[in-house]
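The residues making up each chain are set out below.
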Amino acid sequence: MKTLDINQIKQYLPHRYPMLLVDRVLEWESGKSITAIKNVTANEEFFNGHFPNKPVMPGVLMVEAMAQTAAILSFLTMGKKPDENTIVYFVGIDNVRFKRPVEPGDQLKMEIEITRVSRGIWKYKAKASVDGQLALEGDLMCTLRTADDAAAGVTTVAAV
């Protein structure tokens, strides 16, 4: 089984605490799919304000965790690690639905499947669950860019 620990994950993502939202890759298959986890702990900064009396992981961060997992899969599929000039950008998020809250102590298990790669756009079917219960699902679209692309005027929407 192909797995990645946190130190290996850091080789594929530029994110660091508090924005690194993937703790371990449980398994992956190049060009197909990846399964990873985010351990949601009570000391996460966002729980101080979301919400103090009923802490819930923000939906946007759950989507971000899935996008980071998708970015790892893309680099693994290409057989390369990003350099300091490479970044993965969101170009679309569709059909996202939240099914259950994610709270401190939960382990968010993310399952991402590549559905298409065309003209530099990667499309994924993504879902995340806690203890086998679906927490959210949706379709993600991303693209990889470099500093050279930015200099050439290539624009995108938001960084993963």
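Higher on the page you've got the structure.
Residues numbered from 1 in each chain as written. Predicted model: local features only at pLDDT ≥ 70, side-chain atom pairs only at ≥ 80, totals over all residues. Heavy atoms only, no water.

1. So, the pairing of strand β4 (residues 107-118)
For step 1, the next point in the chain: Both strand β2 (residues 33-39) and β4 contribute to a ladder of 7 bridges, which runs antiparallel. Looking at the pairing, Thr 35 lines up with Glu 111 of β4.
For step 2, the next point in the chain: With 9 bridges connecting them, β4 and strand β5 (residues 121-130) associate as antiparallel partners. From the neighbouring strand, Ser 118 faces β5, where its bridge partner is Ile 121. (Pairing = 2+ DSSP bridges. Helix = DSSP H or I, 4+ residues; strand = E, 2+ residues; numbered from the N terminus.)

2. Remarks on the environment of Ile 72
For step 1, the next point in the chain: Structurally, the position occupied by Ile 72 is in helix α2 (residues 59-78).
For step 2, the next point in the chain: Classification of Ile 72 by relative accessible area gives buried; the value is 0%.
For step 3, the next point in the chain: With 74 residues separating them in the primary sequence, Ile 72 and Thr 146 have C-alpha atoms 16 Å apart.
For step 4, the next point in the chain: Ignoring sequence-local partners within four residues, the contact set of Ile 72 consists of Leu 4, Ile 9, Tyr 12, Leu 13, Val 22, Val 25 and Ile 34. (Buried < 20%, exposed > 50% of the residue type's maximum accessible area, 1.4 Å probe, protein only. Contact = heavy atoms within 4.5 Å.)

3. Section: α2
For step 1, the next point in the chain: The end-to-end C-alpha separation of α2 is 29 Å, in line with the 28 Å expected for 20 residues at 1.5 Å each.
For step 2, the next point in the chain: With 16 of its 20 residues buried, α2 lies for the most part within the structure. (Expected span 1.5 Å × (residues − 1).)

4. Some points on unusual backbone geometry
Peptide bonds are trans in most cases, and residues, glycine excluded, mostly fall at negative phi.
For step 1, the next point in the chain: Going from Tyr 17 to Pro 18, the amide bond is cis rather than trans, its omega being 5 degrees.
For step 2, the next point in the chain: Locating Pro 18 in the fold gives a position in the loop between α1 (6-9) and β1 (24-29).
For step 3, the next point in the chain: Here the bond from His 50 into Phe 51 is cis, since omega is -5 degrees, no more than 30 degrees from zero.
For step 4, the next point in the chain: Relative to the helices and strands, Phe 51 is located in the loop between β2 and α2.

5. A closer look at the pattern of salt bridges
For step 1, the next point in the chain: This model, assessed by the stated rule, comprises 4 salt bridges.
For step 2, the next point in the chain: When the shortest N-O distance is used, the salt bridge between Lys 38 and Glu 44 registers 2.8 Å.
For step 3, the next point in the chain: What makes Lys 38 buried here is its relative accessible area of 4%.
For step 4, the next point in the chain: Assessed through its relative accessible area of 7%, Glu 44 is described here as buried. (Salt bridge = Lys/Arg side-chain N within 4 Å of Asp/Glu carboxyl O.)

6. Some words on the nonpolar core
For step 1, the next point in the chain: Membership of the largest hydrophobic core comes to 45 residues, with the highest contact counts inside it found for Ile 72 and Leu 108.
For step 2, the next point in the chain: The element best represented in this core is α2, accounting for 12 residues. (Core = buried A, V, L, I, M, F, W, Y, C linked by side-chain atoms within 4.5 Å.)

7. Describing the environment of Leu 134
For step 1, the next point in the chain: With respect to the element layout, Leu 134 can be found in strand β6 (residues 133-146).
For step 2, the next point in the chain: Leu 134 sits 37 residues away from Arg 97 along the chain, and the two C-alpha atoms are 9.9 Å apart.
For step 3, the next point in the chain: Each residue touching Leu 134, except ones within four places of it in the same chain, is listed here: Lys 99, Arg 100, Lys 127, Ala 128 and Ser 129.

8. Quick word on the packing of aromatic side chains
For step 1, the next point in the chain: One pass over the structure, following the stated rule, counts 1 aromatic pair.
For step 2, the next point in the chain: The lysine or arginine in question, Lys 2, covers the ring of Trp 28, its NZ or CZ lying 4.3 Å from the ring centre. (Phe/Tyr/Trp six-rings, centres within 6.5 Å; stacked < 30°, edge-to-face > 60°. Lys NZ or Arg CZ within 6 Å of the ring centre and 35° of its normal.)

Everything listed is a geometric property; what it means functionally is a separate question.
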